[in-house]
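Here's the letter readout for the chains.
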Amino acid sequence: MKILAIESSCDETAAAVVQFDENADNIEILSNVVVSQIDIFAVYGGVIPEVAARSHLEVILPVIHKALDDAGVTKDEIDAIAVTHTPGLVGSLMVGTLTARMLAILWQKPLYAVHHLKSHIYANWLGPEHSLEVKSPQFPLLALVISGGHTQIIRMEAHNQFEIVGTTRDDAVGECFDKVAKILGLPYPGGPAIAKCAENGNADMYKLPHPKLPGLDFSFSGLKTAVLRAVQAELKLPISTPSYELKDKLTEQQRADFAASFQKTACEIMLEKLKMAFEEFPDTKSVVFAGGVSANGLLRKMALEAAQKPLAQAESQKCYDVACFAENGLGGLLRGASEGFLGSDVDVYFPEPKYAGDNAAMVGAAACFEIKTGAEPTDPYKLSIAPRRKIN
Ligand code: KG4
Ligand code: ZN
């Protein structure tokens, strides 16, 4: 079956055509088109919802045409349409869902409404290397969903079953990367900028606190404030100094040291909670990373180290596949990674970096497994958006 998938929940306009082989659970990506608004929002230092919606409107139809062209298929060969309808920015979601509804009505195709975080998780079922030698994540699994808007640990006992076992009480970790980048004078989006800047920094230069939150919940607002205070202290300025005045006073080395120290602390916090979750659910067979922050090279490296496999050893034993490399160092698709993530028998999965951020191929992947597990199509005349809705 061929699915046309559409994603527009934030500042990427994306469409993809995926082909699903239900018997083999194999998803082939026939096309994957992403138009990013990053260049527009780099100027403002963050997303402006109204501008995002207008930009989606300008490009969504050309993006869909290109996805069909690249896949070499016509509308008649499409079996179903899938679209992100929650969560996200109101105007952005409206453009994607209204377009999908219109096409479903005009072309008389079944329409599937997909949750954005499901899509991020199902990015781990994507990739050209997702072939016979590389097995899919096994259930029960724990997914660490780390994006600009969400930070959650989700347990899945089977396809399309989601239980949130931990969530952030305040900022998402991606938001924290973006806010710290702003304090340091690095561009939007902050994650890749911090990763790049950190390459020249000493990650042990500044000691930053780990939140003392019981259970599996996260908190990242304290870490952001801790960076702010540490920068003020380093520059010998009072805590009343506005954050926007700090960036010009930092030397390049200080900026790099702060970026590296922050990045390391954020990764440690994520992996500590994952370890706790793993201890709470010892029957876990796979750990899956999902969302924009999962592109982070240091996180990938530290996760492998937590898997008690030094990188070189893992490489020489070919117990994971590096399909391509992220810009910021170690990256790529790490699948079926090792014996013993965090000291036990579990496989570690990262999406290929190009599928870690927002894209429509992952929406198609999530829809494939919704359809396989019996989800009914939605009424294209009635589908509404939900800016905030939990995954389950
Ligand atoms: O999943 P995503 O593309 O969009 C949302 O659903 O929010 O995630 C975007 C977030 C941004 O906060 C961005 O700074 C972060 O992912 N990000 C990264 C990296 N690449 C993107 N964070 C850390 N390291 C990266 N390499
Ligand atoms: Zn996302």
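J.: How would you summarise the nonpolar core if you had to cite specific residues and measurements?
T.: Judged by nonpolar contacts, the single largest core of 54 residues is most densely connected at Phe-220, Val-231, Phe-262, Met-270 and Phe-289. Only strand E6 (141–146), helix H5 (173–184), helix H6 (190–198), helix H7 (221–234), helix H8 (252–280), strand E9 (286–290) and helix H9 (297–306) provide two or more residues apiece to this core. In terms of residues, this core owes the most to one element, H8, which gives 13 residues. Not counting residues within four places of it along the chain, the set of residues in contact with Met-270 comprises Leu-144, Ile-146, Val-173, Phe-218, Phe-220, Val-293 and Leu-299. Grouped together as the second largest cluster of nonpolar side chains are 39 residues, Trp-125, Ala-143, Val-363 and Ile-371 included.

J.: Give me the site of ligand 1: which residues, what numbers.
T.: Near ligand 1 there are 20 residues, and of these His-120, Gly-148, Asp-178, Gly-191 and Gly-292 occur at the shortest range. Interatomic distance of 3.4 Å between a backbone N/O atom of Gly-149 and an oxygen atom of ligand 1. Within the contact set of ligand 1, a nitrogen atom lies 3.0 Å away from a side-chain nitrogen or oxygen of Asn-296. With the chains in place, 87% of the 550 Å² that ligand 1 exposes on its own is no longer accessible. Elements with a minimum of two residues in the shell around ligand 1: helix H4 (116–122), H5 and H6. Considered class by class, the residues forming the shell around ligand 1 number five nonpolar, 13 polar and two charged.

Rules used throughout
- Residues numbered from 1 in each chain as written.
- Chains lettered and ligands numbered in written order.
- Predicted model: local features only at pLDDT ≥ 70, side-chain atom pairs only at ≥ 80, totals over all residues.
- Heavy atoms only, no water.
- Core = buried A, V, L, I, M, F, W, Y, C linked by side-chain atoms within 4.5 Å.
- Buried < 20%, exposed > 50% of the residue type's maximum accessible area, 1.4 Å probe, protein only.
- Helix = DSSP H or I, 4+ residues; strand = E, 2+ residues; numbered from the N terminus.
- Contact = heavy atoms within 4.5 Å.
- Near = heavy atom within 4 Å.
- Polar contact = N/O pair within 3.5 Å; in protein donor to acceptor, adjacent residues only side chain to side chain.
- Areas by Shrake-Rupley, 256 points an atom, 1.4 Å probe, with all protein chains shown as cover.
- Nonpolar A, V, L, I, M, F, W, Y, C, P; charged D, E, K, R; others polar.

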